[in-house]
Amino acid sequence: RPPLHVPELVLPPAAQPGMTLAQVDTPSLLLDLDAFERNLDRMQAHAARAGVALRPHAKAHKCPAIALAQVARGAVGVCCQKVSEALPFMRAGVSDIHVSNEIAGPAKARMLATLARHARLSVCVDAAQQVAVLAEAASAAEARLTVLVEIDVGQRRCGVGDAEQALALVDCIDRHPSLRFGGLQAYHGGAQHRRTRDERREEARRAAEKTGKVLVRLQTAGVTCDVVTGGGTGSVEFDLASGVYTEVQPGSYVFMDGDYGRNEWADAFRFEQSLYIDVEVMSVAAGDRVIVDAGLKSMAVDSGLPGIRHAPGDASGAASALRYVAANDEHGIIETDSGALPPLGTRLLLVPGHCDPTLNLYDEIIGFRGETVECVWAVAARGFSR
Ligand code: PLP
Ligand code: MN
């Protein structure tokens, strides 16, 4: 049978600009544009004051419209975590992208080298074999790739362990004319969600100390590092003041999430929750609980089940008497200890536990002000995990 080309069979967008929030289809991702813009302005102002470049992590939003808003405010470019993730941002005109990650295979290296003909691109290494693969691909593509050596500053994920290993990799990079050594990446993911500021300050201090030692060793060997990049939303307060980083790469500050909401913050670095999942009560038959239309396929729960906000723009942070207690594939179970359960058709706003993987579940971000939809932005890098 030939495919049916019937307009009704194409999924329409969940919202159009000009709609009221009540007309938005659910579940969908809502963005409080006032809070979002304040978050962007605030992070840019902090970076500018510290004299440190801001290169926001685009894995948080995967949305070219947001990347362009960050660049328009002064961001030097963005980070991507995967090579393919860079594609939609480059198509939208973002011309400076750091892949804050290692790659091992020739297919990815080829893609990266080809992209490097169209934008400033850099990538991380922590092994000589990665350098060889990148050099081969860059010279075949007649491109020049900037390569940063990643050092492990406490996360125990990627990165070399000490200054001698870093220096050996710099030598390795320098032997290839198709590669340029760009500096260091020193990112400590484990520090970001430590709840108290004291814990994060201490982890960030240790990361900066170790990075400083590597820098001194490289300097002694006559190697200059143009860039030292790292930092996330949880540690940026300390990274900006460390004197070690030339660039910070926070991502989640744009949206915030339930997990970051549980951190203790200095007032100046408390970013606002701007991201919600708009859901609908679609069954009340049980009587002692209600069921909403958003479960595991509508939100990441690796950092806990979502919180509940009643109304858009409710920035009070007051906890709802409702609790989201269990997520099935497409159902969310909501209970309450006190107060009434919401009737069928009620709209609720959920605060996802973890913003990055939640964004990856949606095709669009619906930006609103007050009760009105202002924009619908494509999450164009959604699913670009290669
Ligand atoms: N840089 C790297 C390498 C990361 O892996 C991440 C997030 O995991 C970030 C920056 C941004 O961190 P956050 O979203 O917590 O600000
Ligand atoms: Mn995250």
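Notes on the structure follow.

Definitions and limits used
- Residues numbered from 1 in each chain as written.
- Chains lettered and ligands numbered in written order.
- Predicted model: local features only at pLDDT ≥ 70, side-chain atom pairs only at ≥ 80, totals over all residues.
- Heavy atoms only, no water.
- Salt bridge = Lys/Arg side-chain N within 4 Å of Asp/Glu carboxyl O.
- Helix = DSSP H or I, 4+ residues; strand = E, 2+ residues; numbered from the N terminus.
- Buried < 20%, exposed > 50% of the residue type's maximum accessible area, 1.4 Å probe, protein only.
- Donors = N, O, S within 2.8 Å, 3.2 Å for Na, K, Ca; no water.
- Pairing = 2+ DSSP bridges.
- Contact = heavy atoms within 4.5 Å.
- Axes fitted to C-alpha atoms, helices over the stretch in contact; angles between N-to-C directions.
- Core = buried A, V, L, I, M, F, W, Y, C linked by side-chain atoms within 4.5 Å.
- Parallel < 35°, antiparallel > 145°, perpendicular 65-115°, else oblique.
- Left-handed = near helix turned anticlockwise from the far one by under 90°.
- Nonpolar A, V, L, I, M, F, W, Y, C, P; charged D, E, K, R; others polar.
- Expected span 1.5 Å × (residues − 1).
- Near = heavy atom within 4 Å.
- Polar contact = N/O pair within 3.5 Å; in protein donor to acceptor, adjacent residues only side chain to side chain.

Looking now at the pattern of salt bridges. For the structure shown, the criterion picks out 24 salt bridges. Glu202 is the partner of Arg206 in a salt bridge, and the nearest nitrogen-oxygen pair spans 3.3 Å. In this pair, Arg206 and Glu202 both sit in helix H8 (residues 197–220), four residues apart, roughly one turn of the helix. What makes Arg206 partly exposed here is its relative accessible area of 44%. A salt bridge links Asp267 to Arg270; its shortest N-O distance comes to 2.8 Å. Among the residues examined, Asp267 registers a relative accessible area of 59% and is labelled exposed. On the basis of relative accessibility, which here comes to 40%, the residue Arg270 falls in the partly exposed class. Ionic contacts of the salt-bridge type, sharing partners, join the residues Asp34, Glu37, Arg369 and Glu374 into one network.

Our focus in this paragraph is the coordination of the manganese ion (ligand 2). In a perfect tetrahedron of four donors around a metal, the angles come out at 109.5 degrees. In a perfect octahedron of six, they are 90 or 180 degrees. Protein coordination at the manganese ion (ligand 2) comes from His354 (NE2) and Asp356 (OD), with a distance range of 2.3 to 2.5 Å. For Asp356, a relative accessible area of 9% puts it in the buried group.

Bringing the sheet that holds strand E4 (residues 96–99) into the picture now. Strand order in the open sheet formed by eight strands is E2-E9-E8-E7-E6-E5-E4-E3, and the pairing between neighbours is parallel. Looking at which strands have only one partner, the edges of the open sheet turn out to be strand E2 (53–54) and strand E3 (78–80). Bridging between strand E7 (residues 179–185) and strand E8 (residues 227–230) involves three bridges; their strand directions are parallel. Residue Leu184 lies in a different strand from E8, and its bridge partner there is Val228. Each of E7 and E8 is contacted by H8, which is oriented at about 145° to E7, the strand it contacts most.

Let us now look at the nonpolar core. Counting 57 residues, the largest nonpolar core has Ile97, Leu112, Leu134, Val149, Leu179 and Leu218 as the members making the most contacts within it. With seven residues, helix H6 (residues 163–174) is the largest single contributor of residues to this core. What Leu218 contacts, discounting residues up to four positions off in sequence, is Leu167, Val170, Phe181, Leu184, Val223 and Cys225.

Direction vectors running N to C along helix H4 (residues 106–115) and helix H5 (residues 128–140) enclose 45°, while the axes themselves pass 8 Å from each other. Judged by the inter-axis angle, H4 sits oblique to H5. The hand of the H4/H5 crossing is right-handed. The residues of H5 that touch H4, namely those facing Pro106, Ala109, Arg110, Leu112 and Ala113, are Val133, Leu134, Ala137 and Ala138. Broken down by class, the residue content of the contact of H4 with H5 amounts to eight nonpolar, no polar and one charged.

This part takes up helix H1 (residues 33–50). For H1, spanning 18 residues, the distance from its first C-alpha to its last is 26 Å, which sits close to the expected 26 Å at 1.5 Å a residue. Within the span of H1, buried status applies to Leu33, Ala35, Phe36, Asn39, Leu40, Met43, Gln44, His46 and Ala47. Buried residues along H1 sit against strand E1 (28–32), E2, helix H2 (64–72), helix H9 (236–241), strand E16 (364–369) and strand E17 (372–378).

With that out of the way, let us pick up the site of ligand 1. Taken together, the neighbourhood of ligand 1 is formed by 14 residues, with Lys59, Thr233, Gln249, Ser252 and Tyr260 sitting nearest. The separation between an oxygen atom of ligand 1 and a polar side-chain atom of Tyr187 is 3.3 Å. The contact in question runs from an oxygen atom of ligand 1 to an N or O atom on the side chain of Ser252, over 2.6 Å. Among the residues forming the shell around ligand 1, the class breakdown is three nonpolar, nine polar and two charged.

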